[in-house]
Amino acid sequence: MIVGICTNEVWTMRELSMLFNSYVFLFQFLPIVFLLFRALHRFRTAAFLMIIFASLYFYAYWNSDLLYVIISSIALNYGLVKLLRARPRKWLLVIGIAVNLGILGYYKYAGFFVETISDLFGLGLNIPNIMLPLAISFFTFQQVAYLVDTYRGETEGHSFLEYVWFIVFFPQLIAGPIVRHQEMFHQFRDKALLRLNMENIEKGLTIFFIGLFKKTVIADTLAHWVNDGFSQSAQLNVVDGWITALAYTFQLYFDFSGYCDMAIGLALLFNIRLPINFDSPYKALNIQQFWQKWHMTLNRFLTHYVYIPLGGSRTGKKRTYLNIMIVFLISGLWHGAGWTFIFWGFLHGAASVICRMWKQLGLKMPRALAWGLTFLFVVCAWVFFRAGSMEEAWNVLSAMARIDQLTFALIWQNKYILFGLFLLLLVVLFARNSIAIMNDHHAGWRRTLFVASLAAVAILHLDQVSEFIYFNF
Amino acid sequence: MSIYIKRLSISLIIVIACIMTFNYIVDPLAFYRLPTWYKAQYTTNARYQLPGLIRNVPYDTLIIGTSMSRNFVESDMNAMWDVTSFNASIPSGTAREMKLAFELGARSHPELKNVLWELNFYSLARPPEDVEDEQGEFPYYLWDDALWNDVRYLFSLYPLKRAREIFFANIRHDHRFRDIEKLFKFPGSQPLTVDKVKELINIPSSVAKSDYQFEIMLRNFRTNVLPVVREHPNVQFYFFYPPYGVFWHVRAHKQNPDYLEGITLLKSAIFEELAPYENAHLYDLQDQVEITHDISKYIDVAHYVPAINQWILEYIHDEPPLSSLAEAAAKAQALKEQVLTYRLD
C-alpha cells in the first residue's frame, strides 16, 4: 500500500514496515529486545528505558519523519497531567482534550473536512494531503482517557517512565488494544515484572503463533478475493457479491483478532497482560452482544468516556437512543475519515437502538434466527466499512441481492472458495477462540505440535508481507 | 528450559524439517537438479526459475539480456553458431541482474565459451546495484552459491505453491510450460501501425530527465559488465545494442533532450573500455534503418518480432564487430541524425 509520495519516490508500506509478521521483527527486533529485557532484569530503570527506546524505534521504523508527533503528544499530555494533578481544573481538562482532538483532527480529518465543504458548496478547494502519523487514533484516545482519569484523581503517583511505557509499549502501540491505566500501572510496579516467568512466555508464544497464523495464512489469503471483489464491484454476480462480503467479514476478523493475539502474546513475553479485544464476536445473538465481543477495548473506551458522560441510559429513552447513536457515529468516524465509515457507524447505531427497543418490549426470537439476523446485518454493514465509496458498497450489496441470478452452476463454479468460507464460519462459530486455547495451557505433544505447525505455516507465509487493516485507523 | 518450550522447539524443528525435505526432494524450481521423476512444469517468473535452469541446463554459450533477447531461440543459435546455448535473459533485467546471471552460469559451467550479451540502456540507466524488486523481493538467495541461505528456498511457500501447480498440471495433462526452450518466448502478436506508434510515442515512459544519464550508465557498465570481461579472458563476449524501433529513441528524446547526447557519448566510452580486451566484441545494431524504421517489424515501440532475433544471431555470427572508435562514434552519430530527422507518416 502506498503510504506517501515524496517527490518522485513512492514509498511502499512493504519498504517502510516492521510488521509483527515480518522477518525483521520476528528474527531481529523481537529476539534482541527480549534478550535485552532479560539481561536488564536487575536494573528496573534501564529496563524501562530500553522498552521505551525499542518501542520508539519500532514506531519510527515505519516513518521517522512523524516520530515528533507522538513524542510531542506524550510531552504535552504529561505536562497537562502534572498540571491536573497539582490542581484538577475542568477548563484545563477541556483544553487538553480539545488539543488532543485538534491534533487528531488535523492529521486525520482535515482532508475529509475540506473535501466535504468544498463538495457541498462547490468551492473547488485544494484538498490538503497530510500524511497520517501511524497509530494516532490509538495513542490519542489512550491519552485522552488518562487525562480524564487524572482529572478524576485516579492516577496519583504514576511516574514519567511508567507513563511513556503505558503509551508507547510496542505490542499495543500501533493498533491497540486500547489499554487503561488501571490495568497497566500495577503491572509496571509488580516486582515480578522483570523476573523470568516461563508460563507467561509459553502462553505468549502460543497465542502469538495463533495470531500470526490467523493474520498471514487466513486473512491475507482472503484479501485476494476481497480486493478483487471490491475493485470490480460493478461486475459482480450474486455469488461473487456474497463471496466478497463474507470474505471481508472473515478477513477483518482474522486480521484484527490475529493482530490482537500477537499483541497479547508479545506483551506476555515482557510479563505484561493486555486486555482481550475479541471474544468470538460472530457468535453474537444480537448487535449489543456483538459489540461486547468485537474490539472490546474501543467499546469500553467509548462507553466510559463518551456514552456515560453524555448521560448514558439515565436520561430517558429518547436521550439514551441519541447517546447510542452519537457513540456509534464517533466510532465510525474514528475508524476512518469518510462517509462510508460514518454510515457504517450509523447502521450499527440504528441496529443497537432497535435492539434496545426490542428488549424493552420483551420480545423474543429463536436463537438461530437471532444469530442469522445479527450475522447478516454485520456482514452487510462491513461492506460499507471496506468500500472505497458509497457507490462501491451499493454495487456489492446490489449484487448480493440479485437472488434471481443464483444457479447451481454458479455455485459449483465457486465451490472451493464457498467451501472455504463455510469452513471459516464453522471455525468462528464452534472452535475455541485463541484466548481459550491460551488459557488452557499444557505441554502435551499434540498441543506443541499444533502450535509448531501453525508457527511453521505462518512463517512460510511471511514472504507475502502485508499491512494490517487496522493500521489505517 | 521448560518442557513446553523443549517440546515446542522439537515440534517446530520436525515440522520445518519435513517442509524443507519435501522442497529439496521435489525441487519445484529445479534449483538443485532438473526433474527426472516427474514431468516438470516451469514458471515464467524468471527471477525465481532462471537460477535453477542456469545452474542445471547443459550449455557452453549463454545469452544474457532483457525481454529484447527473450526470443533468441536456442536451437536456432546452436545450428547457426555450432554451440550449445541457453537463453538466460531476464525481462526488465538490470545490469546487476545480468551480472548475477553470468556469474552463476560461469560458476556452474566452467566449460562456458561464449556469451551473447545485450547492452540495453534501460538496464544500465539505474544505479549499479539495482535489481528489479518493485513487484516483490529479488531472491538473491537463489543467485548465489551460499548454502546457508538455501533455507529461504527450502523453507518457503513459493516452491510449495509451484509443487501444487506442477501436481495439478500433471493431473490435468496440462503440457504448457514444459519445454525450457519455449518457456520465456513471446510471439509476434499484432504488428504495430502508424496510428499506434503516434499514440505510444506520446505516452511517458521511464525515460525521465533524471534517467539515462551518461555518468550513471558508464558507472553501471564499469561496475557490472567490464569486470566480468576482465575476469574471464577465456570467454568470448559478444555485446550488442538491441535495434529498438527508431520511434523508441524519438520518444526518449522528446522526454529528455539530453538522451541522445548521453547515449552517443556512452557508445564511444564503452568501445574504449572494451577495446583492450580481445575477448570482447561489440556490435551496434541501432542504426540499421531497414530494421529500425520498419514499423511492421515491431510489436510495440521497443520490442521487435521474433524474426529480428534470428537476424541478430545471423548478423553477429557473419559480420565483424566494431573495429575502431571512429566507427563506433560514426554509428552512434548516424542514429542521432536518424532520430532527429525521423518523420512518422
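On a predicted model such as this, the values are computed, not experimentally measured, just so you know.

Parameters at a glance
Each chain has its residues counted from 1, running along the sequence as written. Chain A is the first chain written and ligand 1 is the first ligand written, with later ones labelled in order. This being a predicted model, a pLDDT of at least 70 is required before a residue's local features are given, and a value of 80 or more before pairs of side-chain atoms are given or counted; all residues contribute to the totals for chains, interfaces and linings. With hydrogens and water set aside, each side-chain value is computed from the structure's full complement of heavy atoms. To form a nonpolar core, buried Ala, Val, Leu, Ile, Met, Phe, Trp, Tyr and Cys residues must be joined to one another through side-chain atoms within 4.5 Å. Classification of residues uses two cut-offs on accessible area relative to the type maximum, computed with a 1.4 Å probe and protein chains only: under 20% is buried, over 50% is exposed, and between them is partly exposed. Secondary structure follows DSSP: runs of H or I at least 4 residues long count as helices, runs of E at least 2 residues long count as strands, and numbering of each begins at the N terminus. Contacts are assigned to residue pairs that have any heavy atoms within 4.5 Å of one another. Orientation is described by lines fitted to C-alpha atoms, with helices fitted over the stretch in contact, and by angles between N-to-C directions that extend from 0 to 180 degrees. In this scheme, a crossing is called left-handed if the near helix is turned counterclockwise away from the far one by less than a right angle; it is called right-handed if the turn is clockwise. Residues are grouped as follows: Ala, Val, Leu, Ile, Met, Phe, Trp, Tyr, Cys and Pro are nonpolar; Asp, Glu, Lys and Arg are charged; all remaining types, including Gly, are polar. What pLDDT expresses is the predictor's confidence in each residue, scored from 0 to 100. Take the accessible area each of two parts loses on contact, using a 1.4 Å probe, and add the two losses: that sum is the buried area. Only one rule defines a salt bridge in this text: a Lys or Arg side-chain nitrogen within 4 Å of an Asp or Glu carboxyl oxygen. Here a polar contact means two N or O atoms within 3.5 Å. Within protein one must be a hydrogen donor candidate and the other an acceptor candidate, and residues neighboring in sequence count only if both atoms are side-chain atoms. Relevant arc is that of directions from the helix axis to the C-beta atoms, nothing else. What marks off one domain from the next here is an automatic or database domain assignment.

On to the nonpolar core, then. Among the nonpolar cores identified, the biggest contains 165 residues, and Phe25, Trp165, Phe250, Phe270, Tyr282 and Trp382 of chain A are the most heavily contacted of them. The element that contributes the greatest number of residues to this core is helix 11 (residues 238-269) of chain A, accounting for 21 residues. Beyond its immediate stretch of four places on either side in the chain, Phe25 of chain A contacts Met18, Leu19, Phe20, Leu30, Pro31, Phe58, Phe170 and Leu266 of chain A. Within the second largest apolar cluster, 107 residues are counted, among which are Val83, Phe138, Tyr283 and Leu322 of chain B.

On to the packing of helix 3 (residues 44-60) of chain A against helix 7 (residues 160-168) of chain A. All names here are of chain A. At a minimum axis separation of 10 Å, helix 3 and helix 7 run at an interaxial angle of 35°. The way helix 3 lies across helix 7 gives a crossing that is left-handed. Counting all contacts with helix 3, which are made through Arg44, Thr45, Phe48, Leu49, Ile51, Ile52, Ser55 and Leu56, the residues of helix 7 involved are Leu161, Glu162, Val164, Trp165 and Val168. Of the residues assigned to the contact of helix 3 with helix 7, the class counts are 9 nonpolar, 2 polar and 2 charged.

Residue and element names in this part refer to chain A. Chain-level statistics for chain A give a pLDDT mean of 89 and a share of 94% at 70 or above. The low-confidence segment residues 1-16 (pLDDT under 50) makes 26 contacts with residues lying over four places distant or belonging to another chain. In the predicted structure, residues 465-473 sits below a pLDDT of 50 and forms 50 contacts with residues beyond four places in sequence or in another chain.

Listed per partner, the contact involves 26 residues of chain A and 22 residues of chain B. Of the roughly 2,000 Å² buried between chain A and chain B on both sides combined, carbon and sulfur atoms contribute 71%. The tally of links between chain A and chain B comes to 0 salt bridges. Linking chain A with chain B are 4 residue pairs in polar contact (both at pLDDT 80 or more), by the criterion used here. Broken down by secondary-structure element, the contributors of at least two residues to the side of chain A that touches chain B are helix 10 (198-231) and helix 21 (445-460) of chain A. In terms of residues, the side of chain A that touches chain B owes the most to one element, helix 21 of chain A, which gives 11 residues.

Our next topic: helix 3 (residues 74-81) of chain B. Residues and elements named next belong to chain B. When helix 3 is considered as a whole, its buried residues turn out to be Glu74, Met77 and Trp81. Considered in projection along helix 3, the buried side chains sweep an arc of 65° and stay on one side of the axis. The inward-facing, buried residues of helix 3 abut strand 1 (61-64), strand 2 (85-87), strand 3 (114-118), helix 9 (180-183), strand 4 (236-241) and helix 16 (306-318). Directly after helix 3, the chain includes Asp82, whose backbone phi takes a positive value near 60°.

All names here are of chain A. With respect to the secondary-structure elements, Leu80 resides in helix 4 (residues 67-86). Sequence separation of Leu80 and Pro31 is 49 residues, and the distance between their C-alpha atoms is 36 Å. Contact partners of Leu80, with chain neighbours within four places excluded, come to Leu92, Gly96 and Leu147.

What follows covers the domain arrangement of chain B. Residue and element names in this part refer to chain B. For chain B, the assigned domains read domain 1 (1-117 + 135-183) and domain 2 (187-230 + 242-345). Contact with domain 1, which involves 16 residues of that partner, is made by 18 residues of domain 2. Buried area between domain 1 and domain 2, summed over both chains or domains, comes out near 1,600 Å², and the portion from carbon and sulfur atoms is 69%. Run the count over domain 1 and domain 2 and you get 0 salt bridges. Between the two partners, domain 1 and domain 2, sit 6 residue pairs in polar contact (both at pLDDT 80 or more). Of all the elements in the fold, those that place two or more residues in the side of domain 1 that touches domain 2 are helix 3, helix 4 (95-108) and strand 3. Classifying every residue of the side of domain 1 that touches domain 2 by side-chain character gives 10 nonpolar, 3 polar and 3 charged.

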